[in-house]
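Take a look at the letters that make up each chain.
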Amino acid sequence: MECKLTGYEFRTLQVTLEPGEKFYAEKGTLVYLESGIDKSLQTTGSSLTSIVKSKLSGESIFIIEYENKSTQTKKMTFASRAGILPIKLNGERFLCRRGAYIAATNKVELGLGISINGLMSGVSFLQKIEGSATVFIDSIGSPITIDLAYNESIEVDENHLLALQGVSENQISANWSISNMFHGEGLSLLQVKGPGKVYISPTSFL
């Protein structure tokens, strides 16, 4: 399988599938595909709880499985509302903004990550992605990537938070400060403690 980002600010994703290979993507992201690639509709979960979590995390309850059932190499292209950021997961926890998931090279588990402290800081429900795959998510521009060591922490404006890799919900908290309002950041900032990786968008999502 070959995945290639193209277009201004990487707005499209070209995927080349060898015979028998599969690829998974959110509904509505496909631009075109070549004949020989079969599509099948799959749910992100069979229980009512899974369906509710999918809705709260901003995703559809369905994903599309694409499989090359021909004997030749086939191509397809997907598009993003903004840019596309590839992130490689090796089974670790990954949290991102609601509805940011676009596609993945393997089937991953999509769910809901909730941090009560995060909600208090103004961050809505986060989307949780678990599995081993290269995951592609929506991104405005080139994100700032910060690797946090154990006991290191940063404060992030919730409107700029893109994703958290290797960070659990209990590592997120609200840092309340009246002075933040006078600095233009709102009543609280989101505090993220290490270890883990933080992806920050230079452009606000508002």
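Structural notes, computed from the coordinates.

Parameters and conventions
Residues numbered from 1 in each chain as written. Predicted model: local features only at pLDDT ≥ 70, side-chain atom pairs only at ≥ 80, totals over all residues. Heavy atoms only, no water. Pairing = 2+ DSSP bridges. Helix = DSSP H or I, 4+ residues; strand = E, 2+ residues; numbered from the N terminus. Axes fitted to C-alpha atoms, helices over the stretch in contact; angles between N-to-C directions. Phe/Tyr/Trp six-rings, centres within 6.5 Å; stacked < 30°, edge-to-face > 60°. Buried < 20%, exposed > 50% of the residue type's maximum accessible area, 1.4 Å probe, protein only.

As for the sheet that holds strand β6 (residues 62–68)
Now for step 1: The 6 strands are arranged β5-β6-β3-β10-β13-β8 in an open sheet whose pairing can be described as antiparallel. Each of the sheet's edge strands pairs with one partner strand only, and the pair in question is β5 (37–43) and β8 (83–90). For this sheet the average axis-to-axis angle between neighbouring strands, irrespective of direction, equals 25°.
Now for step 2: With 2 bridges connecting them, strand β3 (residues 22–26) and strand β10 (residues 101–104) associate as antiparallel partners. The partner of Ala25 across the bridge, within β10, is Ala103.

As for the packing of aromatic side chains
Now for step 1: All told, the structure shown has 3 aromatic pairs when counted by the stated rule.
Now for step 2: Arranged with centres 5.4 Å apart and planes meeting at 35°, the rings of Phe23 and Phe78 form a pair that is tilted. Of this pair, Phe23 sits in strand β3 while Phe78 sits in strand β7 (residues 74–79), placing them 55 residues apart in sequence.
Now for step 3: Residue Phe23 is classed as buried on the basis of its relative accessible area, which comes to 0%.
Now for step 4: With 6.4 Å between their ring centres and 45° between their planes, Phe23 and Phe136 make a pair best called tilted. Of this pair, Phe23 sits in strand β3 while Phe136 sits in strand β13 (residues 132–139); the two residues are 113 residues apart in sequence, bridging distant segments of the chain.

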